[in-house]
Amino acid sequence: GGKWYVLVDAAKAAATGELNLSGAHRPDFVSLSFYKMMGLPTGLGALLIRRDAATQLDKRSFAGGSVLAVQPEQDFFKLRDSISERYEDGSPSFISILAAAQGLEMLRSIGLKSISTHTWSLRDYLSHELTRLHHANTKPLVKLYGAPPGTGAQFVGSICTFNLRRPDGRYIEYTQVEELAGLNGLALRTGSFCNPGATHHYLNLSRTDVERFFAQGKVCGDDRCIIDGKATGAIRVSFGYMSTRRDADALVEFVVRYFLNKSSSDLPAAVCTAAATPVCNAAASAAVHKSTGMFGHPSSRSTICLQQKGMHHLNVAAAASSAEAVTHPHSHPLAHPRPDKEDQHATRRGDDVKTRA
């Protein structure tokens, strides 16, 4: 048989943990997104290529800087020998590269191990709090996908993916959740996250289901969340290095306020009043940062969109240093309020947050 070449999409993994590329399972190609790692710059990333795998790439086009010689009359061109020069066509985005260098240095100063522990503990805390929620009839409000609370950091990362159910067990449309969350200053990712395989697996959708849904008009990216009683997607929260426990608490409070013990007839009233009564003005953008997750592919929306909505940005160093404090925090602030560590580092003026050393 032939040789298999493996490409790993590490856009999210590289943002919250160290990559081991020298173990027994060594990928041939690894794609990275600097936006996913640092929040900016957008549109810039990297492709890591093993030298022995580079010969398998067949590049059939070129632009400035990537060739040694060109003969247009004979449709001839010779690519440069250097792998990086061969695949970097045209003028590089040098301003973004300078920003990326500063971002990488910032991640090194915090430490990827600290970021990994911090984001895992937030995911563990949120999943624990969500799975505790039950309607008055004892039916669970939240259907969690993936690893249960308490799973070690070596088996689960920083992503919490779930759906919400009504007291009668029916799914709540995830687009309604996302819309209402936006009115409350929370940015969520919903749908199938550009990963149909994992979506079909976790939602128990058969090949027949998928083909039937498509025949009924279901396409990727639409708002058809439930067909024949089955969910076609889910809700995802992605934690990053700037995320705090307050972000997780804001999401839990939002879910409790609008969906616990609520029937379908209750939702329109909640939507009408959401803009006037936001659940939390201090929802940090990184709490539910749009990034790759359990089902995972990068989102096209950027941090700038969150800033335009007046999101609350917090001190990065303070957020990262709080990892130990949130490792075992299983008590909801609605019952046991206590100030966050980050409150000592941030003051709010309008939509801006100024940090103090």
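Anything mentioned here points back to the structure above.
Residues numbered from 1 in each chain as written. Predicted model: local features only at pLDDT ≥ 70, side-chain atom pairs only at ≥ 80, totals over all residues. Heavy atoms only, no water.

A.B. asks: Please set out unusual backbone geometry residue by residue, giving values where relevant.
C.D. replies: The phi angle of most residues is negative, glycine excepted, and most peptide bonds adopt the trans form. In this structure, Pro41 follows Leu40 across a cis peptide bond, with omega equal to 0°. Turning to its location among the elements, Pro41 is positioned in the loop between α2 (34-38) and β3 (45-49). We note that Thr138 has phi near 75°; this positive angle belongs to a residue other than glycine. Position of Thr138 relative to the elements: it lies in the loop between α6 (112-131) and β6 (142-145). Since its relative accessible area comes to 60%, Thr138 is described here as exposed. Phi angles above zero are rare outside glycine, and Asp228 is one such case at about 55°. Counting through the fold element by element, Asp228 comes out in the loop between β9 (226-227) and β10 (230-231). The exposure class of Asp228 is exposed, given its relative accessible area of 52%. (Helix = DSSP H or I, 4+ residues; strand = E, 2+ residues; numbered from the N terminus. Buried < 20%, exposed > 50% of the residue type's maximum accessible area, 1.4 Å probe, protein only.)

A.B. asks: Describe in detail the pattern of salt bridges, supporting the description with residues and values.
C.D. replies: The final tally for this structure, using the stated rule, is nine salt bridges. Across the pair Asp228 and Arg212 runs a salt bridge whose closest N-O atoms are separated by 3.1 Å. Taken as a pair, Asp228 in the loop between β9 and β10 and Arg212 in helix α9 (residues 207-215) lie far apart in primary sequence, 16 residues in all. A salt bridge links Lys218 to Asp222, with the shortest nitrogen-to-oxygen separation between them at 2.5 Å. Classification of Lys218 by relative accessible area gives buried; the value is 15%. Taken together, the shared-partner salt bridges connect Asp209, Arg212, Asp228 and Lys230 into one network. (Salt bridge = Lys/Arg side-chain N within 4 Å of Asp/Glu carboxyl O.)

A.B. asks: Explain the sheet that holds strand β8 (residues 189-191) residue by residue, including any values.
C.D. replies: Overall, antiparallel pairing links the four strands, which are arranged β6-β7-β11-β8 in an open sheet. Where the open sheet ends on each side, the last strands, each with one partner, are β6 and β8. Taking each pair of neighbouring strands and ignoring which way they run, the sheet shows an average axis angle of 30°. As judged from the four bridges shared by strand β7 (residues 159-164) and strand β11 (residues 234-238), these two strands associate in the antiparallel manner. Counterpart to Phe162 in the pairing with β11 is Ile235. Each of β6, β7 and β11 touches α6; the most contacted strand, β7, lies at about 15° to it. (Pairing = 2+ DSSP bridges. Axes fitted to C-alpha atoms, helices over the stretch in contact; angles between N-to-C directions. Contact = heavy atoms within 4.5 Å.)

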